[in-house]
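# Summary of structural features
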Amino acid sequence: MTEGNFTDYVKIHVQSGKGGQGSAHLRREKYIPKGGPDGGDGGRGGHVILVANSNMWTLHHLKFKRHLRAGHGGAGSKSTSTGADGADVYVDVPLGTTVINTETGERLKELLEHGEELIIAQGGKGGRGNNHFKSSTNQTPRYAQPGMDGEEGHFTLEMKVLADVGLVGFPNAGKSTLLSVITAAKPKIANYEFTTLKPNLGIVEYRDHRTFVMADIPGIIEGAAEGKGLGHYFLRHIERNSTLLFLIPADADDIKEQYNILLDELKRYNPELIDKDKLVAISKSDMLDEELKAELKEQLDKDFKGIPYLFFSSVAQQGLMELKDTLWGMLNGESVTD
């Protein structure tokens, strides 16, 4: 999925360097006419290495540079001198990047810690020089090993946004507005579906200078789990969130039905998602007067037994502190009450 400079999926082709040729040099100096073999080994080829970088948030830098090639190892030389190693290629990727072998489909690793490295293509070994092959029966070997070829392959990089809380809801449920109000993030906001075409991250400032990270995941539509619309590109980001905040607008025809549809999409994509902590937040609640809110609460008490819910309004700045208190409690194992 891409928009602007945000890219969370790329395919790359990599090739490591070939090992250097071993040397077949024979020592010949003025007073040592038969000095024997002194050929050095070839240097190893360069590796292609992925490095997790916490300061990065996109794979956009690989969008137009998908072919990565490391340097070849240098040849060995006289006096058993080893050739120089080929130059390694280091590629920074954001935390939460999964590396997949495109040809086999094997998931090799998820890079989750800053500085974590993964060699995806190892450089070829350098050939051994003729110094290694001398023996009592062959004191002047005139041959050396060639360097080994490097590795070549195609890899898919997928990034999953790292956040504490993931906002889940249909398009135009008010997720971007909420994120813009309680964090410093500035997502695009408009009154039409699919305003958000990329995950937006924001840091929520809580009491006593404590913080947690919230992600506005683009709106889910029915059939997202089957790849309808942009579903698959968005749903994988939710896998990284420890708590799911379901946003349903107060003017929805049936709040429980919308919740069930959202939950079903998550379940069909990955059944493990429904085991995460969940909170239902009724957005745009400033549209309700006290009588309507009381009626709605009575119905929601029946519909959401065991699932915490609350009302809030981003525009009217209502219920936002209660929302942050509840989320903080869920993230830190504190009790949550309806």
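Residues numbered from 1 in each chain as written. Predicted model: local features only at pLDDT ≥ 70, side-chain atom pairs only at ≥ 80, totals over all residues. Heavy atoms only, no water.

### Here we look at the overall build of the chain
The helix and strand tally for the chain stands at five helices and 16 strands. Each of the 338 residues in the chain was classed as buried or not, and the buried ones make up 49%. Restricting the contact set of the chain to residue pairs at least 6 apart, pairs at least 24 apart contribute 72%. With an accessible surface of roughly 17000 Å², the chain has 47% of that area assigned to carbon and sulfur atoms. (Helix = DSSP H or I, 4+ residues; strand = E, 2+ residues; numbered from the N terminus. Buried < 20%, exposed > 50% of the residue type's maximum accessible area, 1.4 Å probe, protein only. Contact = heavy atoms within 4.5 Å. Areas by Shrake-Rupley, 256 points an atom, 1.4 Å probe, with all protein chains shown as cover.)

### As for the confidence of the model for the chain
Of the residues in the chain, 85% have a pLDDT of 70 or more, and the chain-wide mean is 83. Confidence drops under pLDDT 50 across residues 187-197; counting only partners more than four residues distant or on other chains, this segment forms 28 contacts. (pLDDT = per-residue confidence, 0-100.)

### Focus on the environment of Ser 242
Within the secondary structure, Ser 242 sits in the loop between α2 (231-238) and β14 (243-249). A relative accessible area of 40% places Ser 242 in the partly exposed class. Spatially, the C-alpha atom of Ser 242 lies 6.2 Å from that of Lys 276, the residues being 34 residues apart in sequence. Apart from residues no more than four positions distant in its own chain, Ser 242 is found in contact with Ala 163, Asp 164, Lys 276, Asp 277 and Leu 331.

### Quick word on the sheet that holds strand β9 (residues 117-121)
Spatially, β6-β4-β9 is the arrangement adopted by the three strands of the open sheet, whose pairing is mixed. Across the chains shown, the open sheet's two edge strands, defined by having one partner strand only, are β6 (89-94) and β9. Neighbour to neighbour, the strand axes of the sheet diverge by 30° on average, direction disregarded. Where strand β4 (residues 48-53) and β9 come together, four bridges link them in antiparallel fashion. Residue pairing in the sheet places Val 51 in a bridge with Glu 117 of β9. (Pairing = 2+ DSSP bridges. Axes fitted to C-alpha atoms, helices over the stretch in contact; angles between N-to-C directions.)

### Here's the deal with the pattern of salt bridges
Oppositely charged side chains are able to pair whenever their charged atoms sit close together. Tallied over the full model, the rule gives six salt bridges. With a shortest N-O distance of 3.1 Å, Asp 88 and Arg 44 are connected by a salt bridge. You can see Asp 88 sitting in the loop between β5 (67-69) and β6 and its partner Arg 44 sitting in the loop between β3 (9-15) and β4, a full 44 residues away along the chain. For Asp 88, a relative accessible area of 25% puts it in the partly exposed group. Across the pair Asp 208 and Arg 210 runs a salt bridge, and its minimum N-O distance is 3.8 Å. (Salt bridge = Lys/Arg side-chain N within 4 Å of Asp/Glu carboxyl O.)

### Considerations on helix α3 (residues 255-269)
Here α3 spans 22 Å end to end across 15 residues, near enough to the 21 Å set by a 1.5 Å rise per residue. For α3, the set of buried residues is Ile 255, Gln 258, Tyr 259, Ile 261, Leu 262, Leu 263, Glu 265 and Leu 266. Of the residues that open α3, the one with a side-chain oxygen 3.2 Å from the backbone nitrogen of Lys 256 is Asp 254. (Expected span 1.5 Å × (residues − 1). Polar contact = N/O pair within 3.5 Å; in protein donor to acceptor, adjacent residues only side chain to side chain.)

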